[in-house]
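The residues making up each chain are set out below.
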Amino acid sequence: MKVKQEMVLRPRFKLSLDQSAEKLLTAFKAASDPAGFITTQVDAHVFIKIPKARQQYWSPQLDLVINPLDDNTSEIRGLFGPRSTVWTLFMFLHFIVAVLFLSCGVWAYSNYALDESIALPIALMLLMVLAWFSLYFIGRMGKATGRGQMLELHKFMWEVINQD
């Protein structure tokens, strides 16, 4: 599996298949795997997860959207990503860092307008930039930790697609 961009944290892919969307959705609904992947389906969305016994903090999940192109072909759009709780935590931390960065910027501007020292707010702004980079690299490390399971999910998806 090739990824177009190196810096992407949540790899995406798109496949066009010579199978109907109904056939693919039925195959995923009936999928059983010895490794015990958990598949759930809501309309045209299929979620494939690692079972709880093998789950780690950085375990990925695969979200698929299966769209019909015509009666005999379909398109699968896939997204690998962390579980929603992990993703929400990271987005919340990014939001907090951004708000603190902007607040320190306002504080620095106010001190500058009042001819007071801007050293502390500028230092805190630099600290927020460092915190953002830290969050980014922690996310990259988490992605690298879950890479093996991501490949397992990808292999399972292809096994379900190619079964006849």
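Refer to the structure presented above.
Residues numbered from 1 in each chain as written. Predicted model: local features only at pLDDT ≥ 70, side-chain atom pairs only at ≥ 80, totals over all residues. Heavy atoms only, no water.

## What to know about a nonpolar patch on the surface
Stage number 1. Taken together, the side chains of Tyr 57, Leu 89, Phe 92, Leu 93, Phe 95, Ile 96, Val 99 and Leu 100 define a hydrophobic patch exposed on the protein surface, amounting to about 690 Å² of accessible area.
Stage number 2. Summarising the element assignment, Leu 93 is placed in helix H2 (residues 84–113). (Patch = residues over 30% accessible without salt bridge, like charges linked within 9 Å, V, L, I, M, F, W, Y side chains within 5 Å. Areas by Shrake-Rupley, 256 points an atom, 1.4 Å probe, with all protein chains shown as cover. Salt bridge = Lys/Arg side-chain N within 4 Å of Asp/Glu carboxyl O. Helix = DSSP H or I, 4+ residues; strand = E, 2+ residues; numbered from the N terminus.)

## Describing the packing of helix H1 (residues 21–29) against helix H4 (residues 147–162)
Stage number 1. At a minimum axis separation of 9 Å, H1 and H4 run at an interaxial angle of 120°. For the element pair H1 / H4, the angle class is oblique. Remark: the crossing between H1 and H4 carries right-handed chirality. Packed against H1, whose contacting residues are Leu 24, Ala 27 and Phe 28, the element H4 presents Met 157, Val 160 and Ile 161 at the interface.
Stage number 2. Of the residues in the contact of H1 with H4, the class split is six nonpolar, no polar and no charged. (Axes fitted to C-alpha atoms, helices over the stretch in contact; angles between N-to-C directions. Parallel < 35°, antiparallel > 145°, perpendicular 65-115°, else oblique. Left-handed = near helix turned anticlockwise from the far one by under 90°. Contact = heavy atoms within 4.5 Å. Nonpolar A, V, L, I, M, F, W, Y, C, P; charged D, E, K, R; others polar.)

## Looking at the side chain of Ser 59
Stage number 1. When you line up the elements, Ser 59 lands in the loop between strand E3 (45–49) and strand E4 (60–68).
Stage number 2. A polar contact of 2.7 Å, which involves the side chain of Ser 59, links it to the backbone nitrogen of Gln 56.
Stage number 3. Engagement of the side chain of Ser 59 in a polar contact is seen with the side chain of Gln 149, the distance being 2.6 Å.
Stage number 4. The contact partners of Ser 59, leaving out residues within four places of it in the chain, are Ile 50, Arg 54, Pro 82, Arg 83 and Gln 149. (Polar contact = N/O pair within 3.5 Å; in protein donor to acceptor, adjacent residues only side chain to side chain.)

## With respect to the environment of Leu 151
Stage number 1. With respect to the secondary-structure elements, Leu 151 resides in helix H4.
Stage number 2. The spatial distance from the C-alpha of Leu 151 to the C-alpha of Ser 84 is 19 Å, given a sequence separation of 67 residues.

## Let's talk about H1
Stage number 1. Looking at H1, one finds that the buried residues are Ala 21, Leu 24, Leu 25, Ala 27 and Phe 28. Seen from one end, H1 has its buried residues packed into an arc of 160°, which puts them on one side. In H1, those exposed residues whose orientation departs by more than 90 degrees from the buried face are Glu 22, Thr 26 and Lys 29. (Buried < 20%, exposed > 50% of the residue type's maximum accessible area, 1.4 Å probe, protein only. Arc of directions from axis to C-beta.)

## Looking at the pairing of E4
Stage number 1. Sheet analysis places E3 next to E4, joined by five bridges and oriented antiparallel. Residue Val 46 lies in a different strand from E4, and its bridge partner there is Leu 64.
Stage number 2. Pairing of E4 with strand E5 (residues 74–82), which is carried by nine bridges, proceeds in the antiparallel orientation. Opposite Asn 67, over in E5, you have Glu 75 as the bridge partner.
Stage number 3. Connecting the antiparallel pair E4 and E5 is a turn made up of five residues. (Pairing = 2+ DSSP bridges.)

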